[in-house]
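# Geometric and topological summary
What follows is each chain in one-letter form.
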Amino acid sequence: MTKRGGTLQSKIKRWLDECRLAFSGTILATRNRSFVLGFTIAFIFFGVLMNLLASSSAALNLFWVTDFGGKLDLIWHAFIGIFGIGRNFWDWLLLFVVTLLQSILIGLVVLVWQKRRRSKKAQVAASAANANNIQHASIAAGLAVLGSGCPTCGTTLLMPLLGTLFSTSSYMLASVVSGLLTALAIILALWSIKRLGNDAYAMIISEKYQRRKAQTEPKQEKTL
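Now for a quick tour of the structure. Note that this is a predicted model, so its numbers are computed, not measured.

Reading the values: the criteria
Residues numbered from 1 in each chain as written. Predicted model: local features only at pLDDT ≥ 70, side-chain atom pairs only at ≥ 80, totals over all residues. Heavy atoms only, no water. Helix = DSSP H or I, 4+ residues; strand = E, 2+ residues; numbered from the N terminus. Buried < 20%, exposed > 50% of the residue type's maximum accessible area, 1.4 Å probe, protein only. Contact = heavy atoms within 4.5 Å. Areas by Shrake-Rupley, 256 points an atom, 1.4 Å probe, with all protein chains shown as cover. Salt bridge = Lys/Arg side-chain N within 4 Å of Asp/Glu carboxyl O. Core = buried A, V, L, I, M, F, W, Y, C linked by side-chain atoms within 4.5 Å. Expected span 1.5 Å × (residues − 1). Polar contact = N/O pair within 3.5 Å; in protein donor to acceptor, adjacent residues only side chain to side chain.

### Focus on the overall build of the chain
Along the backbone of the chain there are 8 helices and 2 strands. The secondary structure elements of the chain, listed N-terminal to C-terminal, are α-α-α-α-α-α-β-β-α-α. Looking at the chain as a whole, 37% of its 224 residues qualify as buried. Once local pairs closer than 6 in sequence are excluded, the contacts in the chain between residues at least 24 apart make up 76%. In the structure as shown, the chain presents an accessible area of about 14,000 Å², 68% of it carried by carbon and sulfur atoms.

Structure representation (structure tokens):
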């Protein structure tokens, strides 16, 4: 019993340590230009998309039939909706968290992909790992988009589909399915961020060590 308890405790401690390192790696990544660029583009694009989908597919349908000025107006309102303007607080909070996590994930994918490309020795393994990271980010984004909608007003992207399959309780079912997909998207994004954050931390610290080593070696040679 003690052994099982000790093993469980050590696993929890190791998991918490990995989370701490992933958080540190993400903080360090914010100082990198590649991360900032990937994060910013993903935050704007994904945030606008999620807010356009907040009223099911109605906004997208309107987007394709309206004129250029109407398109710009829809995009602008979707953009300011990222920051909660004109949105219900709880709906906005959920979409903002999903958008923020997805943007961090994309930023880390870009950063890790760039740093792995510089390592020619592990180029084959890096290509496979990068493809795996992109796949996880795409799945998380897909789940978030499918689960997007307005929970408080009962509209989701799945509502038209489920409405054709179920004549009764389609609103309730759509809300439940939407919530499950959004929860899965958040869980997958957090898991991927944890893994990529650890990779980013190891790479950034390794690069710093190599730079310091390269700076100190010439000084040591001069003293000799």
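### Structural notes on the pattern of salt bridges
For the coordinates displayed, the defined rule picks out 2 salt bridges. The residue Lys 194 makes a salt bridge to Glu 18 at a minimum N-O spacing of 2.8 Å. Residue Lys 194 is located in helix H8 (residues 170-223), and its partner Glu 18 is located in helix H1 (residues 2-29); the two are separated by 176 residues in the primary sequence. Overall, Lys 194 belongs to the buried group, its relative accessible area being 18%. For the salt bridge of Lys 115 with Glu 207, the shortest nitrogen-to-oxygen distance reads 2.8 Å. One end of the pair, Lys 115, is in helix H5 (residues 89-118); the other, Glu 207, is in helix H8, and 92 residues separate them in sequence.

### Let's talk about the nonpolar core
If you look at the biggest cluster of nonpolar residues, it comprises 16 residues, and the most contacted ones within it are Phe 35, Leu 108, Leu 111, Ile 193 and Leu 196. Secondary structure elements with two or more residues in this core: H1, H5 and H8. The leading source of residues in this core is H5, at 7 residues. In this structure Ile 193 touches Ala 22, Thr 26, Leu 101, Ile 104, Leu 105 and Leu 108, once residues within four positions along its chain are discounted.

### Quick look at helix H2 (residues 33-52)
With 20 residues, H2 extends 29 Å from end C-alpha to end C-alpha; this agrees with the ideal 28 Å at 1.5 Å per step. Ser 34, Phe 35, Gly 38, Ala 42, Phe 43, Phe 46, Gly 47, Val 48, Met 50, Asn 51 and Leu 52 are the residues of H2 that are buried. Where H2 begins, the capping side chain belongs to Asn 32, and its oxygen is found 2.8 Å from the backbone nitrogen of Ser 34.

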